[in-house]
Amino acid sequence: MNKVKNLGQVFTSAPIVNFMGNLCSKNNIDHVLEPCAGEGVFLKYLEQRPGIKNIDAIEIDTTLENISNILISHESFLSSNHSYKYDLIIGNPPYVRWKNILKSMKDEFKSIEYWSDKINGQSDLLYAFLFKSIDLLKENGELIFITPSFWTQTKHSKKVREYLISNGYFELIIDFNEIKMFKNVSSNIIIFKFVKYSNQENKPPIKIVNFKTKKYYDDIFNELNNILKELDTCSLIDNDIVEAFTCDQFKNNSPFKPIPSSKEEMIEQIEKSSTINAPEIKVYEGDSAITKSLNEVYTKREVDFLSFDINDFKKVKFCDETYYTFDNIQTTLISSPVPPKRYVGLGDIVKIGNGMVSGLDKAFKVTNDADFNEDETINVAKATNLDQYSNKNITKYIFVNDVETLDILKKDHINVYNQLINFEEKLMKRYCYNRDIPYWHWVFLRNKHLMEESAEKIFVPCKERIDKRGYIRFALVKGNVYATQDVTALVKKSWVKEDIRYILALLNSDLLFTWIKYKGLIRGGVAEFSEEPLSYIPIRLIDWNNPAEVDMHNEIVELSQKIINKKSKDDEYNTLKQNIEKKVEELYL
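Residues numbered from 1 in each chain as written. Predicted model: local features only at pLDDT ≥ 70, side-chain atom pairs only at ≥ 80, totals over all residues. Heavy atoms only, no water.

Engineer: Explain the overall build of the protein to me, and be specific about the residues and the numbers.
Structural biologist: When its secondary structure is counted, the protein shows 21 helices and 25 strands. Computed over C-alpha atoms, the radius of gyration of the protein comes to 28 Å, within 12% of the 25 Å expected from 2.2 N^0.38 for 589 residues, which places it in the range of a compact globule. Based on the C-alpha atoms only, the size of the protein along its principal axes is roughly 80 × 65 × 55 Å. Here the protein holds 589 residues, and 53% of them are scored as buried. A separation of at least 24 residues holds for 71% of the contacts in the protein among residues at least 6 apart in sequence. By element, 46% of the accessible surface of the protein is carried by carbon and sulfur atoms, the whole surface being about 27900 Å². With 78 positive and 85 negative side-chain charges, the protein shows a separation of 2 Å between the mean positions of the two kinds. (Helix = DSSP H or I, 4+ residues; strand = E, 2+ residues; numbered from the N terminus. Rg over C-alpha atoms; globule rule 2.2 N^0.38 Å. Buried < 20%, exposed > 50% of the residue type's maximum accessible area, 1.4 Å probe, protein only. Contact = heavy atoms within 4.5 Å. Areas by Shrake-Rupley, 256 points an atom, 1.4 Å probe, with all protein chains shown as cover. Lys, Arg positive; Asp, Glu negative; His and termini not counted. Charge placed at Lys NZ, Arg CZ, Asp CG, Glu CD.)

Structure below.
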């Protein structure tokens, strides 16, 4: 048995324990529970803290030495019995994927009725500790855990989020992002404090602290204590180390996306304005066409987070993509709920695809154009080539995937052979997606056809460090240019009337940067731009029957083109961007 892999055994340092323990606001505590006691590091803190009457501790691993004086009950927390509720539950619970959970634990989940509606084959062991800890708290009891952050975001943990929200409120969430809080653990780590509270009204705001720095430092917890005190009187702190703010409690089981109170109204308005002007579209159920408004059809992800049964929806096709329409016959009754109209997202109006994979870029990169024929190379825009609005330059890469044999390569493409033969050993060790691929071929021509669909497309880096850069590089790329795996390509769908330069201007605006910063997929200050997170960026479409909006569209397109034509970021460039920003804000806000 691997104790890290199967038990989630990761030990907590004393500085973390002391900080977490001091988050408890209670002076007189009848009962405390440590449900995953390990070697007793939390217990050692608790036994020295005044005002605590009773401490219970559970640990499944009987081989660990107990460094405290508190008796540890060696049993499974999953099936443990408790005769009373707790004022405080504190610890570092295990996080273990279902496939790695011990069979004995899986048997407990199956045999104990309590778990039947809470845990399934997509659950993490962490979920069980969250569910049971909530139920073991007294009213106003406090739960203080250090965990990975994944459960605040993933679809499979929505039941856990819903359970937390319906049983109390979060007092604070501290996201350490890229700081390594545990040796040999790569997960993003959070510390949170949750208070059990049956009244769903009058919940206080949450204190949120997001670290920007990557490295652990000795004074981190003293600084955290100062930040938390400052948030009592200040709603936003933003510096090179952290962004900290207060926000409203989460309202449903959707992924937790904390938004500063000062930004909430803006974010809501961006999404609300993107519900208007949704065009009428024809969706297809088999050969049957149905006319719907675009904001009345839903993606699978949106259905997953709606409080409706998937069986109430019918699967339809639009632009060769799968959507869902609400089809519950009971909606004819006035009292029956219907899903809210959704906003139009970027994925509705563009096709999105990540770039091709060579498997070893340095082998294929051309250093001297004169050595190769035109049909032996392709033009590539790498992430480093991109800027806002345009690509700075292109890079040529060898591309001879149509050459089937080594004899033909040597005979007809000798310069290609001479370059690639130097990398043959490394090229043969590439991951080849379970296919037999010649070493002179690119391994995965992912979305090549997509990038050949249009002479104009938008490229964006797959990952963009936004906490330092402060903007995102959406670039218009013209001609026969390809993206590699570090770039995602956007190609406008044929039915969309809006010019691609209009879309480009929206995506490069400060307004949508703010939306992406708080509602996009951000890990450690890095925005991830794969298909799904890009798809949900709200897009304000134009009312083509409104001359004022048509003029606004055309003005934004003209300004966007002027920026594309600029060779330097001078005062004129900045003025053009400011003018676009004003018009984008007028449309959205």
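Once the structure has been displayed, the description carries forward.
Engineer: Any details on empty space enclosed by the protein? Residues and values, ideally.
Structural biologist: Under the criterion given, the structure shown has two cavities of 30 Å³ or more. If you add up the space inside the second largest cavity, you get close to 30 Å³. What lines the second largest cavity is W515, I516, G520, L521, I522, A527, E528, F529, P533 and I537. Those elements giving two or more residues to the lining of the second largest cavity turn out to be α18 (510-519) and β25 (526-528). (1 Å grid on protein atoms, 1.4 Å probe; cavity = no way out; pocket = protein on both sides within 12 Å on 5 of 7 lines; lining within 4 Å. Points joined across faces, edges and corners; volume = space filled by probe spheres on them.)

Engineer: Can you tell me about the pairing of strand β3 (residues 86-91), naming the residues and giving the values?
Structural biologist: In terms of burial, β3 is a largely internal element, six of the six residues being buried. Of the pairings in the sheet, the one linking strand β1 (residues 29-34) to β3 comprises two bridges and is parallel in character. Along β3, the bridge assignment pairs L33 with I89. Looking at chain direction, β3 and strand β4 (residues 137-148) are connected through five bridges and run parallel. Paired with L88 across the strands is E142, a residue of β4. (Pairing = 2+ DSSP bridges.)

Engineer: Now, about helix α4 (residues 103-111): what can you tell me, with residues and values included?
Structural biologist: Taken as a whole, α4 has its buried residues at M105, K106, E108 and F109. Buried residues of α4, viewed axially, fall in a sector of 155 degrees; they line one side. Seen from the buried face of α4, the exposed residues on the opposite side, beyond 90 degrees, are K103, K110 and S111. (Arc of directions from axis to C-beta.)

Engineer: Explain the packing of aromatic side chains to me, and be specific about the residues and the numbers.
Structural biologist: All chains considered together, the criterion is met by 32 aromatic pairs. Arranged with centres 4.7 Å apart and planes meeting at 80 degrees, the rings of Y114 and W115 form a pair that is edge-to-face. Its relative accessible area of 27% is what places Y114 among the partly exposed residues. Note on W115: relative accessible area 0%, which makes it buried. An aromatic cluster is defined as three or more aromatic residues linked by ring pairs; in this entry it consists of F145, W151, F170, F192, F194, F250 and F256. In this arrangement the basic side chain of K118 is found over the ring face of Y114, its NZ or CZ atom lying 4.0 Å from the centre. Over the ring of Y536 we find R301, and its NZ or CZ is 4.4 Å from the ring centre. (Phe/Tyr/Trp six-rings, centres within 6.5 Å; stacked < 30°, edge-to-face > 60°. Lys NZ or Arg CZ within 6 Å of the ring centre and 35° of its normal.)

Engineer: So what about the pattern of salt bridges? Which residues, and what values?
Structural biologist: For the structure on display, the rule yields 36 salt bridges. Note that K193 and E171 form a salt bridge whose closest N and O atoms lie 3.0 Å from each other. Placement of K193 in strand β6 (residues 189-196) and of E171 in strand β5 (residues 168-175) is noted, with a sequence separation of 22 residues between them. The buried category is assigned to K193, whose relative accessible area is 0%. We classify E171 as partly exposed; its relative accessible area is 27%. Notably, a salt bridge pairs D570 with K566, separated by 2.8 Å at the nearest N-O pair. Accessibility expressed as a relative area gives 28% for D570, which makes it partly exposed. What emerges from the salt-bridge pattern is a single network uniting D30, K53, D87 and K138. (Salt bridge = Lys/Arg side-chain N within 4 Å of Asp/Glu carboxyl O.)

Engineer: How would you explain the sheet that holds strand β2 (residues 52-57) if you had to name every residue and give the values?
Structural biologist: Taken together, nine strands build an open sheet; the order of strands is β2-β1-β3-β4-β6-β5-β7-β9-β8 and the sheet is mixed. Looking along the sheet, the strands with just one partner apiece sit at the ends: β2 and β8 (236-238). Strand-to-strand, the axes of this sheet are offset by a mean angle of 15 degrees, without reference to chain direction. Sheet contacts for helix α2 (residues 14-22): β3, β4, β5 and β6; angle to β4, the most-contacted strand, approximately 155 degrees. Contacts from helix α5 (residues 125-136) reach β1, β3, β4 and β6 within the one sheet, and its direction differs from that of β4 by about 160 degrees. (Axes fitted to C-alpha atoms, helices over the stretch in contact; angles between N-to-C directions.)

Engineer: Describe the packing of α5 against helix α6 (residues 158-167), and please don't skip the residues or the numbers.
Structural biologist: One can describe the packing of α5 onto α6 by two numbers: an axis separation of 10 Å at closest approach and a directional angle of 15 degrees. It follows from the interaxial angle that α5 and α6 lie roughly parallel. Relative to α6, α5 is oriented so that their crossing is left-handed. When α5 is examined against α6, the residues Y127, L130, F131, I134 and D135 are found in contact with a partner set consisting of K159, V160, Y163, L164 and N167. The residue inventory of the contact of α5 with α6, partitioned by class, reads seven nonpolar, one polar and two charged. (Parallel < 35°, antiparallel > 145°, perpendicular 65-115°, else oblique. Left-handed = near helix turned anticlockwise from the far one by under 90°. Nonpolar A, V, L, I, M, F, W, Y, C, P; charged D, E, K, R; others polar.)

Engineer: Report on the sheet that holds strand β23 (residues 487-492), specifying residues and quantitative values.
Structural biologist: Spatial strand order, β15-β23-β19-β21-β17: five strands in an open sheet with mixed pairing. Two strands lie at the open edges of the sheet, namely β15 (350-354) and β17 (389-390), each paired on one side alone. By the bridge criterion, five bridges tie β15 to β23 in an arrangement that is antiparallel. Among the inter-strand pairings, N354 is bridged to a residue of β23, identified as T488. Contacting β15, β17, β19 (456-461), β21 (475-478) and β23, helix α17 (residues 500-507) crosses the sheet at an angle of about 15 degrees to β19.

Engineer: Could you give an account of the pairing of strand β7 (residues 206-211), naming the residues involved and the relevant values?
Structural biologist: For β7, the buried fraction is high: five of the six residues fall into the buried class. Both β5 and β7 contribute to a ladder of four bridges, which runs parallel. From the neighbouring strand, I173 faces β7, where its bridge partner is I208. Strand direction decides the pairing type here: β7 and strand β9 (residues 242-247), joined by six bridges, are antiparallel. Within β9, the position partnered with V209 by the bridge is A244.

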